[in-house]
Amino acid sequence: MKKIGLVIAILLLVVGFFHYDLDRLLTLDGLKSGLVQFEVWRAEAPLLVGSAFLLLYVVVTALSLPGAVIMTLAAGTLFGLFWGTVIVSFASSIGATLAFLVSRYLLRDWVQAKFGSRLKAFNEGVEKDGAFYLFTLRLVPVFPFFLINLLMGLTALRAFTFYWVSQVGMLVGTVVYVNAGTQLGQLESLSGILSPSLLFSFVLLGVFPLVAKKLLDVIKARRVYAGFTKPKSFDRNLIVIGGGAGGLVSAYIAAAVKSKVTLIEAHKMGGDCLNYGCIPSKAIIKSAKIAQQMRHAKNYGLENVEPTFSFKKVMARVHDVISKVEPHDSVERYTELGVDVVQGYAKIIDPWTVEIQLNDGGTQRLTARSIILATGARPFVPPLPGLDDVGYYTSDTLWGEFAKFDEPPKRLVVLGGGPIGSELAQSFARLGSNVTQVERSDRIMVREDEEVSALVQESMIADGVNILTSHNALRCEKEGDIKRLIVEKDGVESVIEFDALLCAVGRQARLEGYGLENLGVETNRTIVTNDYLETLFPNIFAVGDVAGPYQFTHVAAHQAWFAAVNALFGTFKKFRADYRVIPWATFVDPEVARVGLSEQDAKEQGIEYEMVRYGLDDLDRAIAESATKGFVKVLTVPGKDKILGVTIVGEHSGELLAEFVLAMKHGLGLNKILGTIHTYPTWAESNKYAAGEWKRAHTPERILKWIEKYHTWRRG
Ligand SMILES: Cc1cc2nc3c(=O)[nH]c(=O)nc-3n(C[C@H](O)[C@H](O)[C@H](O)COP(=O)(O)OP(=O)(O)OC[C@H]3O[C@@H](n4cnc5c(N)ncnc54)[C@H](O)[C@@H]3O)c2cc1C
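Residues numbered from 1 in each chain as written. Predicted model: local features only at pLDDT ≥ 70, side-chain atom pairs only at ≥ 80, totals over all residues. Heavy atoms only, no water.

Inspection of the region around the ligand gives 38 residues, with Gly246, Glu265, Lys282, Asp545 and Thr553 positioned closest. The contact in question runs from an oxygen atom of the ligand to an N or O atom on the side chain of glutamate 265, over 2.7 Å. Here aspartate 272 contributes a backbone N or O atom positioned 2.9 Å from an oxygen atom of the ligand. Burial of the ligand by the protein chains amounts to 94% of its free accessible area of 990 Å². Of all the elements in the fold, those that place two or more residues in the shell around the ligand are helix H9 (245–256), strand S2 (261–265), helix H10 (271–275), helix H11 (278–295), strand S3 (340–350) and helix H19 (553–569). Grouping the constituent residues of the shell around the ligand by class yields 15 nonpolar, 16 polar and seven charged. (Near = heavy atom within 4 Å. Polar contact = N/O pair within 3.5 Å; in protein donor to acceptor, adjacent residues only side chain to side chain. Areas by Shrake-Rupley, 256 points an atom, 1.4 Å probe, with all protein chains shown as cover. Helix = DSSP H or I, 4+ residues; strand = E, 2+ residues; numbered from the N terminus. Nonpolar A, V, L, I, M, F, W, Y, C, P; charged D, E, K, R; others polar.)

Following this line, the structure appears as structure tokens:
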């Protein structure tokens, strides 16, 4: 309502301006003919006329009306160079800021809601360098100022910054125009003020801040190296620290492009994913799933059986799987690929030198032009009183320690309701543990939509997991052999007795112990990097879990390409890490896979969307396999088939997602998926049917009515 009032007020003022022919007065001829009268008024009451002039100037610029140039000239004629400049400088800046604020108030929310996701990079750019851009635009009077006011209002630039940058940036132009106004008698036309050479000077002035910024960047980059002596030559083109997904792929790319690269791994090649993460967890998930299917064999016309098994053998299989994947990440393979693999603990001595504490004794120093940090993350252990006394497991220790057990822990507490906690809680419940999962939020897997959490939670409860949401873990207690976790909900404490406790409350980047502190590499929860994955030192890069913002193997590998290419070829061209289409999956049962926006994200970010949903209970293959729980949910741009995000819950959802990832990456809409043959009867058909749901929701009813008429007519 307030907005409508403001629009009406602006419209009335604009109509009034043209109705009373003020636009004609604000031309060069109009100004010249009215000048004598203005001079008389000014001589009689200079302060009043000066103030009225300032006010009128503010109104004209605030309403983006034509005439500001003429008024600037008039200011020169009436008030002389100094006072004219003062009045115009303030009036134009205040007026511009008012126009900026009106545009922001009326349009910004709408523009951000409609184009928010596409404007993300632009908004970030404005937040970082907005003042520079504005200054450049202000210096060059060839860009219409009123347009700059209105457009800047749509960005995230602070109003005060806008004001002062505008005032400083417009000053030179203001002086030129006010000065021209002092010689109004000789001025034949407006274009006379801006000769080509003057315009060229303005352009140079406009480009100056950008050049200055580049120079500042270079100086800043040099400053961080102050106090270090750069080697005259280097042992390597690239040193990569960490042999997990991020490090392996970085080294692989470097070797593939024939650079001399050393990969340093302190512990196990393959990092967390192979040894403690993705691979062992997926291996145990499979055993657990088969055990559960045996219990529910009736679903397939067989008899339910309680699986009998040796837990030791299940864990031995997990390790067997790791050892079968191991060759992919082995020292031998990477050496063969041309990577110099060194096994030891690396420490950065200076921006080009790394010292390695070799695993088999001794130290080695190497220099390189660039360094990539791929040092990963470790499980976060919450500071719970008594935790050390009762003892606990994490994904780092679980696989080794549980392998020693004959039976799975009778009573297992899993702290954390995220993907890792949920995958493991369900698996151990299926393998016979009595599992209690404790989560502080009011649901598990909070990153996903509520209905996704609900479906997974329902399935996990059916598997016997006791899920305690909205529960805070307070402390642990030990009495003889009895171990207890004390939790609290709504101020009421309760006690959970357990035999083993698994911490799965998140993973923290490895930031200490290898030289970041000494070098002053900036960190917060991760190593701080720019869009090119450069740290504070432009020759030191960071990728994977240690860099964030995602903690997935495929994202580490994806970043590795950017870091390796920027490290080796950045002198010629640097590439911004691209996070536009990042997929992930959580391998609970039913599996959850996602790419792009969820409904929850879209609402939080104020992004308009349409949603279609296809239930797997309709899919022939799902029915044949008695696995109909789940759905494919697609968010699209309103009225268009452009995909904003997809969530799939159900069997093989991680695999099914790939088609949507490809579509989003390459801008293919749902019509294209619908027009693609999908083999019958496959799970992948669910993607096509989801696209079909979209098509049905967008049938051109009116055209169909005409087509119906045509058919009726054809029948005679
Ligand atoms: C239980 C679990 C399940 C997971 N499941 C999945 C999944 O299904 N899908 C998925 O995408 N992701 C999954 N992840 C996450 C995935 O494991 C990580 O995102 C991935 O390992 C990150 O790779 P990285 O290269 O950044 O780090 P890492 O794999 O952690 O590698 C870092 C390496 O650096 C070495 N290092 C550290 N400091 C030094 C030093 N100073 N000198 C020498 N070496 C050093 C370490 O020893 C380590 O080997 C899972 C994680 C866990 C814990």
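Inspection of the entire model under this criterion finds 20 aromatic pairs. Ring plane angle 45° and centroid distance 6.1 Å describe the contact between tyrosine 550 and tyrosine 579, whose orientation is recorded as tilted. In this pair, tyrosine 550 sits in the loop between strand S15 (540–542) and H19 while tyrosine 579 sits in the loop between H19 and strand S16 (583–586), placing the two residues 29 residues apart along the sequence. Residue tyrosine 579 is classed as partly exposed on the basis of its relative accessible area of 26%. Clustering of aromatic rings is evident, with ring pairs tying together Phe311, Tyr393, Phe402, Phe405 and Phe428. The aromatic ring of phenylalanine 575 is capped on one face by lysine 573, whose charged end is 5.2 Å from the ring centroid. (Phe/Tyr/Trp six-rings, centres within 6.5 Å; stacked < 30°, edge-to-face > 60°. Buried < 20%, exposed > 50% of the residue type's maximum accessible area, 1.4 Å probe, protein only. Lys NZ or Arg CZ within 6 Å of the ring centre and 35° of its normal.)

Let's shift gears to unusual backbone geometry. With an omega dihedral of 5°, the bond running from aspartate 589 to proline 590 counts as a cis peptide bond. With an omega dihedral of -10°, the bond running from tyrosine 680 to proline 681 counts as a cis peptide bond. Relative to the helices and strands, proline 681 resides in the loop between helix H23 (670–674) and helix H24 (685–697). A positive phi angle, close to 65°, is found at lysine 258, a residue other than glycine. In this structure, lysine 258 sits in the loop between H9 and S2. Classification of lysine 258 by relative accessible area gives exposed; the value is 74%. Although it is not a glycine, leucine 533 sits at a positive phi angle of roughly 70°.

We now examine the state of the cysteines. Under the criterion given, the structure shown has one disulfide. Sulfur-sulfur distance for the disulfide between cysteine 273 and cysteine 278 comes to 2.2 Å. The sign of the S-S torsion, about -130°, decides the handedness of the disulfide formed by cysteine 273 and cysteine 278: left-handed. Among the residues examined, cysteine 278 registers a relative accessible area of 26% and is labelled partly exposed. Here cysteine 476 is not disulfide-linked; the sulfur of cysteine 503 is the nearest cysteine sulfur, at 7.9 Å. Taking relative accessible area as the criterion, cysteine 476 reaches 7% and is therefore assigned buried. (Disulfide = S-S within 2.5 Å.)

In spatial order, the strands read S9-S8-S7-S13; together these four strands make up an open sheet with parallel pairing. Looking along the sheet, the strands with just one partner apiece sit at the ends: strand S9 (466–468) and strand S13 (500–503). For this sheet the average axis-to-axis angle between neighbouring strands, irrespective of direction, equals 20°. As paired strands, strand S7 (residues 411–415) and S13 are joined by four bridges and run parallel to one another. For leucine 412, the partnering residue across the bridge sits in S13 and is alanine 500. The strands that helix H16 (residues 419–430) touches are S7, strand S8 (434–438) and S13; relative to S8, the one it contacts most, it runs at about 165°. (Pairing = 2+ DSSP bridges. Axes fitted to C-alpha atoms, helices over the stretch in contact; angles between N-to-C directions. Contact = heavy atoms within 4.5 Å.)

Further remarks concern the side chain of threonine 97. With respect to the helices and strands, threonine 97 occurs in helix H5 (residues 68–139). When its relative accessible area of 10% is taken as the criterion, threonine 97 is described as buried. Excluding anything up to four places from it in sequence, threonine 97 contacts Ala159, Phe162 and Tyr163.

Before going further, it helps to spend a moment on helix H17 (residues 450–462). Counted at 1.5 Å a residue, the expected span for H17 with its 13 residues is 18 Å, and the 18 Å between its end C-alpha atoms agrees. Listed in full, the buried residues belonging to H17 are Val452, Ser453, Leu455, Val456, Gln457, Ser459 and Met460. Structurally, H17 contributes buried residues whose contacts are with H16, S8, S9, strand S17 (592–596), strand S19 (631–636) and strand S20 (643–649). Just downstream of H17 lies glycine 464, where phi reads positive at about 100°. (Expected span 1.5 Å × (residues − 1).)

Here we take up a nonpolar patch on the surface. Taken together, the side chains of Phe90, Ile94, Leu98 and Leu101 make up a nonpolar region of the molecular surface, amounting to roughly 310 Å² of accessible area. Note on placement: phenylalanine 90 falls in helix H5. Residue phenylalanine 90 is classed as partly exposed on the basis of its relative accessible area, which comes to 40%. (Patch = residues over 30% accessible without salt bridge, like charges linked within 9 Å, V, L, I, M, F, W, Y side chains within 5 Å. Salt bridge = Lys/Arg side-chain N within 4 Å of Asp/Glu carboxyl O.)

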